[in-house]
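Summary of structural features
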Amino acid sequence: PVRTGMRTAVTSGTATVLRSLPVAAGGKTGTAEDPSAGGAGLDSWLSAVAPMDHPTIALTAFIRGTGNSHPSNEIVRSAMAYFFTHERATLAR
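Residues numbered from 1 in each chain as written. Predicted model: local features only at pLDDT ≥ 70, side-chain atom pairs only at ≥ 80, totals over all residues. Heavy atoms only, no water.

1. Focus on the sheet that holds strand E2 (residues 42–50)
Here three strands make up an open sheet; going across it, the order is E1-E2-E3 and the pairing antiparallel. In this open sheet, the two strands that pair with only one neighbour each are strand E1 (26–33) and strand E3 (57–63). When the angles between neighbouring strand axes are averaged without regard to direction, this sheet yields 10°. Judged from the seven bridges that link them, E2 and E3 form a sheet pairing that is antiparallel. Following the sheet pairing, Ala48 is matched in E3 by Leu59. Of the strands in this sheet, E1, E2 and E3 touch helix H2 (residues 70–85), which is tilted by about 150° from E3. (Pairing = 2+ DSSP bridges. Helix = DSSP H or I, 4+ residues; strand = E, 2+ residues; numbered from the N terminus. Axes fitted to C-alpha atoms, helices over the stretch in contact; angles between N-to-C directions. Contact = heavy atoms within 4.5 Å.)

2. Focus on the nonpolar core
Formed by 15 residues in total, the largest nonpolar core has its most connected members in Ala15, Leu18, Ala50, Ile57, Val76 and Met80. Here this core gets four residues from one element, more than from any other, and that element is H2. Excluding residues that lie within four positions of it along the chain, Ala50 makes contacts with Val23, Ala24, Ala25, Pro55, Thr56, Ile57, Met80 and Phe84. (Core = buried A, V, L, I, M, F, W, Y, C linked by side-chain atoms within 4.5 Å. Buried < 20%, exposed > 50% of the residue type's maximum accessible area, 1.4 Å probe, protein only.)

This is the structure in structure tokens:
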């Protein structure tokens, strides 16, 4: 059930930005109330794994005081896109 939910977040939910990756990804977005932060006191985060069938990367971005989950989504998408573009060289190290 957890993996299904994470995949659904990418295919039709709050992490659709990850659909552009070359492999199937799963993600979980969220916000947390933080009264000491700016941006209406909301922190945002996205945790993601890819590929879904046998993950080789797991990544979380947490941004304090942004007010929604969208900024963290692009950070995770960008980092995962870089990883999969350079996967062979990265894993060979």
